Amino acid sequence: MDINQQHRLKSYCLKAGHLILLFIAMSIICLPGLWIVLNSFRPTVEIMAKPPVWIPNSLSLDHYRAMFGAVGEGGVPVGRYFMNSLIISLTSTVISMLVAISGGYAFARYRFRGKSVIFVTFMLTRAVPGVALSLPLFIVFARVGIIDTHFGLILAYVAMNVPFSIWLIDGFFRQVPKELGEAAEIDGCTRWQAFWKVEFPVAKAGIASAAIFAFLTSWNEYALASQLTRSVYSKTMPVGLLDFTSEFTINWGGMCALAVLMIIPALVLTFIVQKHLISGLTFGGIKG
Amino acid sequence: MKLLPLRLPTWFLLLLPAIIILLSVVLIPLVLSLYSSFTPYKLTRPETLYKWIGEYNYVKIAGDANFWWAFGRTVFLLTIALNLEMLLGLGIALLVNKVTWGQRWLRTIMMFPMMFSPILVGFQFKFIFNDNVGLVNNALQSLGITDQALPWLVDGKLAMFSIIFAEVWMSTSVFAILILAGLFAIPRDPLEAAKVDGCTPWQSFRHITLPFLMPFIYIALAIRSLDVARAYDIVKIMTNGGPARRTELLWTMIGRTGYVDAKMGLANAMGYASIILAVFFTVYFFRKLSASRSSLGFDN
């Protein structure tokens, strides 16, 4: 075999190896989710079948029908949970964005003493494990009487989202050249106008992606929600998932259907946001 | 600004909302929990909140073997999971970076696990590793690799493996995506110069690509460390600390002590151990991040 041929063979092998590895990695990422989606369309008999049924015989919407038509005993009020999740996530996202835009702008545009200490302190409040934070919050909220209300959970989620949103938004404002706002001020804008008319529109796409990230965090949160909510009036979907479990059995089909309902909004939002999110994180982190 | 009697600097006014909300929802409750960790507070007996027992709870924890096992297991899980996530993330990013077609699609697929709620990941893998109807056992049996069902979540060691698998599945994409962003940003010149000078691919990876990627890896680690207790949701659902405490982590132990046994004082003392652990990880990675930043000359 001459050297040329050997070389070509080697590069073919490398290419094939690369593709195989890539395929395996992507399958491991995709399969668990796809399996959940598939099972949400299969009748319970088939899910439980022994030996397993690999190719579904019949697909049905039974689990979805049961989920949305949940009435009477044992039914899970999914519609209610969905609304709770939506209200809580949206409201807390809007509030935390307002707080984080103001805070992120301060970090990006002003120089002051103790800046990095304040920044890290903010971040540390986010690092407190949810379950450890839920204990005192539970005590305080019970005293104030906001356990099992939308308001209590919104308050908790705003605090949870603010630090990370500040990090992201700080990064996005740094990408806006300082000169832009200064030029506007020279042309007779006030600082507020310069911010609102010039700097904010430029950073808008980035801020939107920070908002989506905050929304997803609230949408998916469990550790706090499981303790601060008690009844259908404030339970969110992650907590609602547990309604499909009883002491010894789990209604896998119904759970999968609720899981799909939870993932769809997340999927759409993440798809919209992916580009800005990456640039925001890396920029904010690298030129810190 | 004229309305205010004392002139506060603008940056402070801008930070004020964030400070107020973090103070009232995080810091003040934490002070309360610090206080209550020195009392025998039980949810069922509110008057116990006013009884000071000093460091009794902490002494009790320090002498509790179960607590130290849970603590050690948590550190073990975090170390293994973070390292695996970093290595796998690096690997996936390198693989995707080499692809010439459909990269956008691959990147979207890579973000897939990021959208899953941790609690959902827990249920998903509880289902997949279920010894009776789970995907893994079904596949192993259909392929004839084993004829018995493997007790994935019932055996202590296998359960730990399953939990780490779920955790790594969920969080690797954070690393992969950020490292991929780093790979896109690498300047081409040094790599080409190295090629001309006769470096092997490994050498140019080791001495050019990897140092350049380090800040990106530390960003990913810093982001991960902010939410280090995410595994709580997974463990809570998959095994709830079982079988026989073999997968008990600090976080599940806190939850059980606080809400099931209603011993809030004791749970808060444990909570402080977990907070210190989280703070340690966060500070460590943020320091690493700023160190690697300044070594590359990104500082300003």
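Residues numbered from 1 in each chain as written. Chains lettered and ligands numbered in written order. Predicted model: local features only at pLDDT ≥ 70, side-chain atom pairs only at ≥ 80, totals over all residues.

## A word on the overall build of chain B
Move 1: Helix and strand content of chain B: 12 helices and 0 strands.
Move 2: Secondary structure elements of chain B occur, N-terminal to C-terminal, as α-α-α-α-α-α-α-α-α-α-α-α.
Move 3: Oriented by its inertia axes, the alpha-carbon framework of chain B measures out at about 75 × 75 × 35 Å.
Move 4: The buried share of chain B, reckoned over its 300 residues, is 45%.
Move 5: A fraction of 65% describes how many contacts in chain B between residues 6 or more apart in sequence connect residues 24 or more apart. (Helix = DSSP H or I, 4+ residues; strand = E, 2+ residues; numbered from the N terminus. Buried ≥ 20, exposed ≤ 12 C-beta atoms within 10 Å, placed from the backbone. Contact = placed C-beta atoms within 7 Å.)

## As for the domain arrangement of chain A
How big an interface is tends to be stated in terms of accessible area lost as the parts join.
Residues and elements named next belong to chain A.
Move 1: According to the domain assignment, chain A contains domain 1 (3-66) and domain 2 (72-286).
Move 2: Here the C-alpha centroids of domain 1 and domain 2 sit 33 Å apart.
Move 3: Counting residues at the interface gives 10 residues for domain 1 and 7 residues for domain 2.
Move 4: Elements with a minimum of two residues in the side of domain 1 that touches domain 2: helix H1 (3-40), helix H2 (44-47) and helix H3 (62-68).
Move 5: Here the side of domain 1 that touches domain 2 gets 4 residues from one element, more than from any other, and that element is H1.
Move 6: Looking at the side of domain 1 that touches domain 2, its residues break down into 5 nonpolar, 4 polar and 1 charged. (Domains from an automatic or database assignment. Nonpolar A, V, L, I, M, F, W, Y, C, P; charged D, E, K, R; others polar.)

## With respect to the nonpolar core
Move 1: Counting 160 residues, the largest nonpolar core has Ala156(A), Ala159(A), Leu258(A), Ile179(B), Ala220(B) and Met270(B) as its most contacted members.
Move 2: It is helix H7 (residues 150-175) of chain A that contributes the most residues to this core, 16 residues altogether.
Move 3: Two domains each donate at least three residues to this core, and these are domain 1 (3-66) and domain 2 (72-286) of chain A.
Move 4: Once you skip the residues sitting within four places of it in the chain, Ala220(B) turns out to touch Gly89(B), Val174(B), Phe175(B), Leu178(B) and Ile179(B). (Core = buried A, V, L, I, M, F, W, Y, C linked by C-beta atoms within 7 Å.)

## Digging into helix H9 (residues 201-226) of chain B
Move 1: Across its 26 residues, H9(B) extends 35 Å between first and last C-alpha, which sits within 8% of the 38 Å expected from 1.5 Å per residue.
Move 2: Taken as a whole, H9(B) carries its principal kink of about 45° at Leu210(B); the proline Pro211(B) stands between one and four residues after it. (Expected span 1.5 Å × (residues − 1). Bend = angle between axes of the 7 residues up to and from the residue.)

## Some thoughts on the interface of chain B and chain A
Move 1: Each side of the interface is counted separately: chain B has 76 residues, and chain A has 70 residues.
Move 2: With 15 residues, helix H1 (residues 10-36) of chain B is the largest single contributor of residues to the side of chain B that touches chain A.
Move 3: The residue makeup of the side of chain B that touches chain A, split by class, is 57 nonpolar, 16 polar and 3 charged.

## Some words on the confidence of the model for chain B
Residue and element names in this part refer to chain B.
Move 1: When the pLDDT values of chain B are averaged, the result is 86; 96% of them are 70 or greater.
Move 2: Across chain B, helix H3 (residues 65-98) holds the top mean pLDDT of 92, while helix H4 (residues 103-110) sits lowest at 83.
Move 3: For this predicted complex, the interface confidence comes out at an ipTM of 0.86, alongside a pTM of 0.88. (pLDDT = per-residue confidence, 0-100.)

## Quick word on the environment of Val99(A)
Move 1: Topologically, Val99(A) is positioned in helix H4 (residues 78-109).
Move 2: Sequence separation between Val99(A) and Thr149(A) is 50 residues, and the spatial gap between their C-alpha atoms is 22 Å.
Move 3: The residues touching Val99(A), leaving out its near neighbours within four places in the chain, are Val158(A), Val162(A), Pro17(B), Ala18(B) and Ile21(B).

## Details of unusual backbone geometry
Move 1: Residue Asp148(A) is not a glycine yet carries a positive backbone phi of 65°.
Move 2: Among the structural elements, Asp148(A) can be located in the loop between helix H6 (130-144) and H7.
Move 3: Judged by C-beta crowding, with 17 C-beta atoms within 10 Å, Asp148(A) ranks as partly exposed.
Move 4: Residue Arg245(B) is not a glycine yet carries a positive backbone phi of 65°.
Move 5: By secondary structure assignment, the location of Arg245(B) is in the loop between helix H10 (231-238) and helix H11 (250-260).

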